[in-house]
Structure formats: structure tokens, C-alpha cells
Amino acid sequence: MEVEELLSSLIKINTENPPGREKELALFLKRVFDAAGIANELMAREPGRENFIATVGSGKKTLLFLAHTDVVPAGEGWNVPPFSGEIRDGTVFGRGALDCKALVAAEAHAMLQLAKRPGLNGRLVFAATADEEVGGAAGVKFLLEKHPEQIRADFCVNEGGNAPYRIRDRTVNFVQVGEKGVAWSKLIARGVSCHGSTPDLGKNAIALMGRAIDRLSNYKPEINLLPDVRQLIQDMVDLKGADLTVTPDTVDRAIGLFDDRAFAAYLKAITRMTVSANVIRGGSKTNIVPDYCETELDIRVLPGQDEGYIRRELNRTLGNEVEIQVSYNPPSFSPTSSPFYKLVAGTIGEVGGGAACLPCLSSGGTDSRHLRAAGIPCYGVELMAPGFDEELRRLPHARNERIDVASLRLKADFLVRLAEKYLAD
Ligand SMILES: [Zn+2]
């Protein structure tokens, strides 16, 4: 089966999460791998949420190919039915075509190719896992807790989160080496309730919160330029042909050189802590002055910004009129100085036809954070063929998601070469 047919079949199996229902997809992979005579098994925390794991080769070295099988809900307004998996004009259409069934298909296809070749000096594990889109509790987290021996590896290749970027006809590929930490936190304002007709008798919690939100909207986070991030932005500026040395003082000018709003917002997000007030609750009735109001904050932090840092920043900005609750999950990082990183970047250079390759930090989260926390270095790769449609960069989680067959084949080719090199001797 060609890799695009494999992807088309995977898209046709609706795995919208919630609720997930990854079982049918896991069973499909099982049939394909059973037919090829490759050892595999299904593992689930609960029925219906099956993870698929296959292994080829044996030996001391282990490489893990990881990809998630669930997708975000399709939503409305598609030009092509989202679960059609239609292949037309060299393109595969449907929910998950980019995130992340392209990688599932490419990894499965690479495994099927590699299983036919003798002499792999080590184990190659393919894990197609459930539940990434809502945190991975039934997927990678479950496997790490209950079956760690199944997915333990020297290093892992996973989805990345940043599609390639084109600068002056040159494609820049990113290897995701880290993710920002996530601190979903809460502000609580407490007031004094009274009748709404005599508001001066009380203390209005919503008004207190309003002042806090206003201060938060004026918050200027300090620039935190990690060495790898500084180098990434400097390399991008150099590729653009601009004469600018990236420092904490000039970084916003450097970011201003990029017209693509999504890319500029991404660069901004990986050079500072971000805080966004996204949910507010308070009050119960028009004629009661509220004594309680709470706001949920989405806070994303860089390495070096711990819980104490978040509290200091919020206290400095908000004063003590509101209570602050912080729920902290640290950032995750895999080294760029490791031989694994060099192997991944070198292989991308080989298959990418002279494309540049830079390490990047992701502003969002993937399952890599769970593996990194368990001590497994992870590198996220989103290879695209030269000349790919740049609109694809905006389509993960959006309608009319699709991928070109050339990019899909490039991903599979990259994975075959990477495994052959790592497990060569
Ligand atoms: Zn994904």
C-alpha cells in the first residue's frame, strides 16, 4: 500500500477527541501489520481507547517512532467531507491529514519498508497512541505508567508543531527540541455582598477583577532569550538577508521583519512568558452585588521561569487585591548538542534537498513532554516537500486540512533513512 492510501484509510476512521474512539484505527493498523508479519499489540487504559505498538528488529539500541491517532473535532464549513480521505490532484484531504495522521501513515509505511530489510542492529518501535489532543492520559501517559518497557527508547521522533517556513525560496525545516511549560492558573477576587440597590454597602468582586484584568492587559513580560532561541531567530534574520544582531534589546525589531502574523506571534511567544485571561465567572443575579469572581489564565513559561517566577510577576502586576492560584507544569527540553539531534538534523538535510534545518521551541504542547519527563529525548519533525503550499502551515486544527503526497513521501523517506542510520551498527 502506498503511503497516501494508508493516510486516506486512516482519515476515513473518525477519531475525533472527545470522545476519541481510537480503537477502530488501532485495529486497522493491527490488520496491516499482522498481514506483514510484524509483531504488534494493542494496549488500552479503557476499552475503545486502544494504543497500537509494533516492533521490528532486536538489540540494545532502540528508536521510537511516535504519533497520535486522535484528531480535534472536524467542525463545519469544509469543501471536502472531513472524513472522506479523498485523494485528488496529488493531495490527501481530511481531518488529521496534517495533525497527526500524516505522521502515523509515514511511520507505519517506514516500518513496513524496514521490516523487509535485514540487518537492523537494534529495535525500532512504532507507537500510534490515543488521546494526545486532550492531554494524553489514555495514550502516552498511560503507556509510560503501565507499560514503560514497551516505549522506552534511546530517543524518539514525534510531531513537531512548526511547519517549515520559506524565506527567499529557501525552505527552513524546524526540529522541535522543547516545549514551553503550561501554568493554567486562577485569579480570585473576594468582595462583600449586599443588595444591588445600595452598592456602596458592599464591595463588588467583579469590579475588583476588572481592575486586575486591566493591569494584566498592560503587563510587559521581560524578554528571556534562550541561547537556542536566539540562534534560531538570528539564523532566520540572516536567511532573510537583514543586517541585525539579535539581542534582548533588538529581538522585537527582528520579529517585526516577519510578515506572516502566525510566525511572528510564535517568535514572540518563545521569547517571553505569555499570559492570557480566557475565562471569567462571577455574580449570580442582577440585584446582588457579587462577593466572588474568578478568572482563568493560560500562562506559558520558558525554561528558568518556575512557579515562584510566575507568582512574582503576577504580584508585581496585580498587587494584592486578588488571590493568585498557580498550577505549574514545567517546560521540557531535549539537548541540541546530542548525537541524536545531529542525526535527525543531518538526515533532514539529506532528504530535504538543501533545505535548512533549525532547532525550535514550541509554544504549545505535544506528547513529547511526557517522554522527556521520563528521560527520553524527543525531537519533533514536520518535514514538507520543497515547493509545498504555504497555506498548509495554517491548517492543523482548521477546516480543509490536507497534505500533498510529495510531502507525505518525504516524511516516510526521512524516517526510513533515520532508522537505517541509527540502527546501522
Ligand atoms: Zn498533534
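Residues numbered from 1 in each chain as written. Predicted model: local features only at pLDDT ≥ 70, side-chain atom pairs only at ≥ 80, totals over all residues.

## Examining the overall build of the protein chain
(1) Moving on: Of regular secondary structure, the protein chain possesses 13 helices and 19 strands.
(2) Moving on: The C-alpha radius of gyration computed for the protein chain amounts to 24 Å, which stays within 12% of the reference 22 Å derived for 425 residues, consistent with globular compactness.
(3) Moving on: Considering only C-alpha atoms, the protein chain reaches an extent of 80 × 55 × 45 Å along its principal axes.
(4) Moving on: Evaluated residue by residue, the protein chain yields a buried proportion of 45% over its 425 residues. (Helix = DSSP H or I, 4+ residues; strand = E, 2+ residues; numbered from the N terminus. Rg over C-alpha atoms; globule rule 2.2 N^0.38 Å. Buried ≥ 20, exposed ≤ 12 C-beta atoms within 10 Å, placed from the backbone.)

## What to know about the environment of M111
(1) Moving on: Inspection of the secondary structure assignment puts M111 in helix α3 (residues 101-115).
(2) Moving on: Along the backbone, M111 and L124 are 13 residues apart, and their C-alpha atoms lie at a distance of 8.0 Å.
(3) Moving on: If near-sequence neighbours (up to four positions away) are discounted, M111 is found in contact with I38, A54, V56, L124 and F126. (Contact = placed C-beta atoms within 7 Å.)

## Some points on the nonpolar core
(1) Moving on: The biggest cluster of nonpolar side chains holds 97 residues, and the ones touching the most others in it are L7, A102, A105, L124, L415 and A419.
(2) Moving on: Counting residues domain by domain, this core receives three or more from each of domain 1 (3-177 + 332-422) and domain 2 (179-325).
(3) Moving on: Beyond its immediate stretch of four places on either side in the chain, L415 contacts F65, A106, E107, A110 and V157.
(4) Moving on: Listed in part, the 17 residues of the second largest apolar core include A212, L297, L302 and V322. (Core = buried A, V, L, I, M, F, W, Y, C linked by C-beta atoms within 7 Å. Domains from an automatic or database assignment.)

## Considering the environment of L395
(1) Moving on: As for its position among the elements, L395 is in the loop between β18 (378-381) and β19 (402-404).
(2) Moving on: Placed 298 residues apart in sequence, L395 and A97 show a C-alpha to C-alpha distance of 9.3 Å.
(3) Moving on: Here L395 is in contact with L98, N400, E401 and R402, once residues within four sequence places are set aside.

## Re the sheet that holds strand β10 (residues 181-190)
(1) Moving on: Spatially, four strands are ordered β12-β14-β10-β15 in an open sheet, and the strand pairing comes out antiparallel. Only two strands of the sheet have a single partner each, and these edge strands are β12 (274-282) and β15 (323-325). With strand direction ignored, the average angle separating the axes of adjacent strands in the sheet is 20°.
(2) Moving on: Across eight bridges, the pairing between β12 and strand β14 (residues 292-301) is antiparallel. (Pairing = 2+ DSSP bridges. Axes fitted to C-alpha atoms, helices over the stretch in contact; angles between N-to-C directions.)

## Notes on the packing of helix α1 (residues 3-12) against α3
(1) Moving on: Where α1 meets α3, the axes come as close as 9 Å, and the angle between the chain directions of the two elements is 135°. Regarding the angle of α1 to α3, the classification is oblique. The crossing of α1 and α3 is right-handed. In contact with V3, L6, L7, L10 and I11 of α1, α3 contributes K101, A102, V104, A105, A106, A108 and H109. (Parallel < 35°, antiparallel > 145°, perpendicular 65-115°, else oblique. Left-handed = near helix turned anticlockwise from the far one by under 90°.)

## Details of unusual backbone geometry
(1) Moving on: For the peptide bond that leads from N17 to P18, omega is 0°, which places it in the cis range.
(2) Moving on: Relative to the helices and strands, P18 is located in the loop between α1 and α2 (23-35).
(3) Moving on: For the peptide bond that leads from D99 to C100, omega is 10°, which places it in the cis range.
(4) Moving on: Checked against the element boundaries, C100 lands in the loop between β5 (91-93) and α3.
(5) Moving on: Here R21, not a glycine, exhibits a phi torsion of approximately 50°, which is positive.
(6) Moving on: Relative to the assigned elements, R21 resides in the loop between α1 and α2.
(7) Moving on: Among the residues examined, R21 registers 18 C-beta atoms within 10 Å and is labelled partly exposed.
(8) Moving on: Positive phi outside glycine occurs at D131, with the angle close to 70°.

## Brief notes about the domain arrangement of the protein chain
(1) Moving on: For the protein chain, the assigned domains read domain 1 (3-177 + 332-422) and domain 2 (179-325).
(2) Moving on: Each of domain 1 and domain 2 was reduced to a C-alpha centroid, and the two centroids are 32 Å apart.
(3) Moving on: Counting residues at the interface gives 22 residues for domain 1 and 18 residues for domain 2.
(4) Moving on: Going through the elements one at a time, β8 (165-167), β9 (170-179), β16 (332-333), β17 (356-362) and α12 (368-373) are the ones with two or more residues in the side of domain 1 that touches domain 2.

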